Amino acid sequence: MLLYQLTQWFEERTSLQQALQREPAESAGEISKKIQEVEQQLYSHAERWKNAIEEASYLQFPYEVPHLDDDMVL
């Protein structure tokens, strides 16, 4: 679900940037504000996702039984 949302926001940002290039200067401020809002959403969700991955890595147990390995590591 998160990847879907990120993809949607990237597409929205791209279309807003294209609209910014096509639109006259008087509406550029409004479009730029929307682009900043979308980028803020992207950043906050990417940061949340990164933190969730880091937290999950802390929950992994360390490898404790190397003597059960079949392969000898040199």
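Keep in mind that what you see is a predicted model, and the values were worked out from it rather than measured.

S.K.: I keep staring at the overall build of the protein chain and nothing clicks. Help me out?
M.R.: Tallying secondary structure elements over the protein chain gives 2 helices and 0 strands in all. Relative to its full complement of 74 residues, the protein chain shows a buried share of 14%. Just so you have it, the protein chain exposes about 6600 Å², and 56% of that area is on carbon and sulfur atoms.

S.K.: Looking at this structure, how should I read a nonpolar patch on the surface?
M.R.: Taken together, the side chains of Leu3, Trp49 and Ile53 define a hydrophobic patch exposed on the protein surface, amounting to about 310 Å² of accessible area. In this structure, Leu3 sits in helix H1 (residues 2–22). Residue Leu3 is classed as exposed on the basis of its relative accessible area, which comes to 51%.

S.K.: Teacher, can you tell me more about the environment of Tyr43 here?
M.R.: Along the chain, Tyr43 turns up in helix H2 (residues 28–59). By relative accessible area, which is 53% here, Tyr43 ends up exposed. Taking the C-alpha atoms as reference, Tyr43 lies 9.6 Å from Leu6; in sequence the two are 37 residues apart.

S.K.: Even after reading the chapter, I still don't get H2, so can you show me in this structure?
M.R.: Along an α-helix, a turn takes 3.6 residues, which lines up residues three or four apart on a common side. An ideal rise of 1.5 Å per residue puts 46 Å on 32 residues; H2 measures up with 47 Å between its terminal C-alpha atoms. Taken as a whole, H2 has its buried residues at Ala28, Ile31, Ile35, Val38, Leu42 and His45.

S.K.: Which parts of the structure should I look at to understand the pattern of salt bridges?
M.R.: Should their charged atoms come close, side chains of opposite charge can pair. Counted according to the given criterion, the structure contains 4 salt bridges. Salt-bridge contacts for Lys50 lead to Glu47; the nearest nitrogen and oxygen are separated by 3.5 Å. Pair noted here: Lys50 and Glu47 are both in helix H2, with a separation of 3 residues, about one helical turn. Each member of the salt-bridge network shares a partner with another, and the members are Glu47, Lys50 and Glu54.

S.K.: Is there a simple way to explain the nonpolar core in this structure?
M.R.: Note that soluble globular proteins tend to have their nonpolar side chains buried in a common cluster. Ranked by size, the top nonpolar core spans 8 residues in total: Leu6, Trp9, Leu16, Ala19, Ile31, Ile35, Val38 and Leu42. Those elements giving two or more residues to this core turn out to be H1 and H2. If near-sequence neighbours (up to four positions away) are discounted, Leu16 is found in contact with Ile31, Lys34, Ile35 and Val38.

S.K.: Honestly, the environment of Thr7 in this entry has me stumped. Any pointers?
M.R.: Along the chain, Thr7 turns up in helix H1. Residue Thr7 is classed as partly exposed on the basis of its relative accessible area of 41%. Through-space distance from the C-alpha of Thr7 to that of Leu42 is 9.4 Å; in sequence the pair is 35 residues apart.

Thresholds applied
Residues numbered from 1 in each chain as written. Predicted model: local features only at pLDDT ≥ 70, side-chain atom pairs only at ≥ 80, totals over all residues. Heavy atoms only, no water. Helix = DSSP H or I, 4+ residues; strand = E, 2+ residues; numbered from the N terminus. Buried < 20%, exposed > 50% of the residue type's maximum accessible area, 1.4 Å probe, protein only. Areas by Shrake-Rupley, 256 points an atom, 1.4 Å probe, with all protein chains shown as cover. Patch = residues over 30% accessible without salt bridge, like charges linked within 9 Å, V, L, I, M, F, W, Y side chains within 5 Å. Salt bridge = Lys/Arg side-chain N within 4 Å of Asp/Glu carboxyl O. Expected span 1.5 Å × (residues − 1). Core = buried A, V, L, I, M, F, W, Y, C linked by side-chain atoms within 4.5 Å. Contact = heavy atoms within 4.5 Å.

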